[in-house]
Amino acid sequence: MAITFSNLHTEQGLKSVEEHLSGKTFISGDQLSVDDVKVYAAVLEKPGDGFPNVSKWYDTVASHLAKSFPGKAVGVKIGGGVDQSEAPKTEAPAAAGADADDDDDIDLFADETEDEKKAAEEREAAKKDTKKPKESGKSSVLLDVKPWDDETDMKKLEEAVRSVQMPGLYWGASKLVPVGYGIKKLTIMMTIEDDLVSVDNLIEDHLTSEPNNEYIQSVDIVAFNKI
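From a predicted model like this one, the values you see are computed outputs, not experimental measurements. (Residues numbered from 1 in each chain as written. Predicted model: local features only at pLDDT ≥ 70, side-chain atom pairs only at ≥ 80, totals over all residues. Heavy atoms only, no water.)

Caption draft 1: Just the overall build of the protein, in detail. A tally of regular secondary structure across the protein gives 6 helices and 6 strands. Each of the 227 residues in the protein was classed as buried or not, and the buried ones make up 41%. Intrachain contacts of the protein at a sequence separation of at least 6 include 72% that bridge at least 24 residues. Carbon and sulfur atoms make up 48% of the accessible area of the protein, which totals about 13,300 Å². (Helix = DSSP H or I, 4+ residues; strand = E, 2+ residues; numbered from the N terminus. Buried < 20%, exposed > 50% of the residue type's maximum accessible area, 1.4 Å probe, protein only. Contact = heavy atoms within 4.5 Å. Areas by Shrake-Rupley, 256 points an atom, 1.4 Å probe, with all protein chains shown as cover.)

Written out as structure tokens, the structure is:
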């Protein structure tokens with residue numbers, strides 16, 4: 001059963017997570033999972049002392065981002081749009097045919113693209129037909145994309161990242177994270193088909209090469225997990 005949280009940029013939204021984490025260490029199950037990463041990315045910063053459960057959980061997720069997530073995700077949905085005057089301006093590409101009113105109910109990580117839905121349907125069909133060849137494995141990857149300096153246009157930097165398209169590559173949600181001296185980095189999730197996409201080649205041949213290196217100084221792999 002999917003777990004839904006709303007407006008995590010507000011105290012009311014954080015209160016729902018605080019209540020959910022009462023007596024729990026993680027969002028779903030007893031191990032760190034992709035669900036935790038989804039909610040972590042939607043929370044703009046570590047909560048204050050008024051949210052002890054969320055604060056403890058936030059520190060736990062932050063300290064384990066580079067490790068694998070053995071827990072099974074149940075599908076977390078985040079509802080409620082963030083006021084653009086209060087949140088980092090990182091815009092995900094709008095889905096085709098989406099109505100402008102949909103901005104009031106944003107699912108930061110759980111929304112699937114058409115390609116992802118198609119891939120999920122193909123996986124289910126493969127399970128029913130054992131004669132079909134085994135489908136290529138997938139991985140969930142979290143990247144830190146760093147700009148040259150505090151004058152780099154971070155909106156254009158994210159556009160440059162998302163402009164890289166290839167078979168087996170699906171960009172997910174993102175957020176801006178302060179790193180000091182007025183500089184912010186882009187933290188972005190992606191799903192890849194292992195047989196089609198090499199993360200090292202993606203970084204070296206596309207993200208940090210021309211023309212994208214006009215905005216991108218370097219890219220680090222924060223987490224790499226098999227799905």
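Caption draft 2: Looking closely at the sheet that holds strand E4 (residues 169–180). Strand order in this open sheet of 4 strands is E4-E5-E3-E6, and the pairing throughout is antiparallel. Since the sheet does not close on itself, it has two edges, and those belong to E4 and strand E6 (216–226), each with one partner. Averaged over all pairs of adjacent strands, the angle between strand axes in this sheet comes to 20°, irrespective of strand direction. The pairing of strand E3 (residues 138–147) with E6 spans 9 bridges and is classified as antiparallel. (Pairing = 2+ DSSP bridges. Axes fitted to C-alpha atoms, helices over the stretch in contact; angles between N-to-C directions.)

Caption draft 3: Layout of helix H3 (residues 52–64). An ideal rise of 1.5 Å per residue puts 18 Å on 13 residues; H3 measures up with 19 Å between its terminal C-alpha atoms. Residues of H3 that are buried include every one of Val54, Ser55, Trp57, Tyr58 and Val61, and no others. Take H3 and look down its axis: the buried residues cluster within an arc of 165°, on one side only. Check the buried side of H3 and you find it contacts helix H1 (11–20), helix H2 (34–42) and E4. (Expected span 1.5 Å × (residues − 1). Arc of directions from axis to C-beta.)

Caption draft 4: Structural context of the pattern of salt bridges. By the definition in use, this model includes 5 salt bridges. Aspartate 220 is paired through a salt bridge with lysine 146; the nearest N and O atoms lie 3.1 Å apart. Taken as a pair, aspartate 220 in strand E6 and lysine 146 in strand E3 lie far apart in primary sequence, 74 residues in all. Aspartate 220 gets classed as partly exposed once you look at its relative accessible area, which sits at 33%. (Salt bridge = Lys/Arg side-chain N within 4 Å of Asp/Glu carboxyl O.)

Caption draft 5: Here's a closer look at the side chain of lysine 175. Along the chain, lysine 175 falls in strand E4. Despite its burial, lysine 175 pairs with no opposite charge; the closest candidate is aspartate 144, at 9.0 Å N-O. Polar contacts involving the side chain of lysine 175 include one to the main-chain carbonyl oxygen of tyrosine 40, which spans 3.3 Å. (Lys, Arg positive; Asp, Glu negative; His and termini not counted. Polar contact = N/O pair within 3.5 Å; in protein donor to acceptor, adjacent residues only side chain to side chain.)

Caption draft 6: Spotlight on the nonpolar core. Ranked by internal contacts, the top residues of the largest apolar core, which has 24 residues, are Ile27 and Trp57. When neighbours within four sequence positions are excluded, tryptophan 57 is seen to be in contact with Leu21, Thr25, Phe26, Ile27, Asp36, Val39 and Tyr40. (Core = buried A, V, L, I, M, F, W, Y, C linked by side-chain atoms within 4.5 Å.)

Caption draft 7: Region of the structure containing the packing of H1 against H3. Running from N to C, H1 and H3 cross one another at 80°; their axes reach a closest spacing of 8 Å. Classed by the angle they form, the pair H1 and H3 counts as roughly perpendicular. Every residue of H3 that contacts H1 at Leu14, Val17 and Glu18 is listed here: Pro52, Asn53 and Val54. Grouping the constituent residues of the contact of H1 with H3 by class yields 4 nonpolar, 1 polar and 1 charged. (Parallel < 35°, antiparallel > 145°, perpendicular 65-115°, else oblique. Nonpolar A, V, L, I, M, F, W, Y, C, P; charged D, E, K, R; others polar.)

Caption draft 8: Local environment of the environment of lysine 15. Here lysine 15 shows up in helix H1. A relative accessible area of 42% places lysine 15 in the partly exposed class. When the C-alpha atoms of lysine 15 and phenylalanine 5 are compared, they prove to be 9.9 Å apart, with 10 residues separating the residues in sequence.

Caption draft 9: Spatial organisation of the packing of H2 against H3. Following both chains from N to C, one finds H2 and H3 inclined at 110°, their axes separated by 10 Å at the closest point. As the angle between them shows, H2 and H3 are arranged roughly perpendicular. Of the two elements, H2 crosses H3, and the hand of that crossing is left-handed. Contacts between H2 and H3 pair Asp36, Val39 and Tyr40 from the former with Trp57, Tyr58, Val61 and Ala62 from the latter. Class assignment for the residues of the contact of H2 with H3 results in 6 nonpolar, no polar and 1 charged. (Left-handed = near helix turned anticlockwise from the far one by under 90°.)

Caption draft 10: Seen up close, the packing of aromatic side chains. Tallied over the full model, the rule gives 1 aromatic pair. Taking the centre distance of 4.7 Å and the plane angle of 40° together, the rings of tyrosine 40 and tyrosine 58 count as tilted. With tyrosine 40 in helix H2 and tyrosine 58 in helix H3, this pair connects stretches of sequence that are 18 residues apart. The buried category is assigned to tyrosine 40, whose relative accessible area is 13%. (Phe/Tyr/Trp six-rings, centres within 6.5 Å; stacked < 30°, edge-to-face > 60°.)

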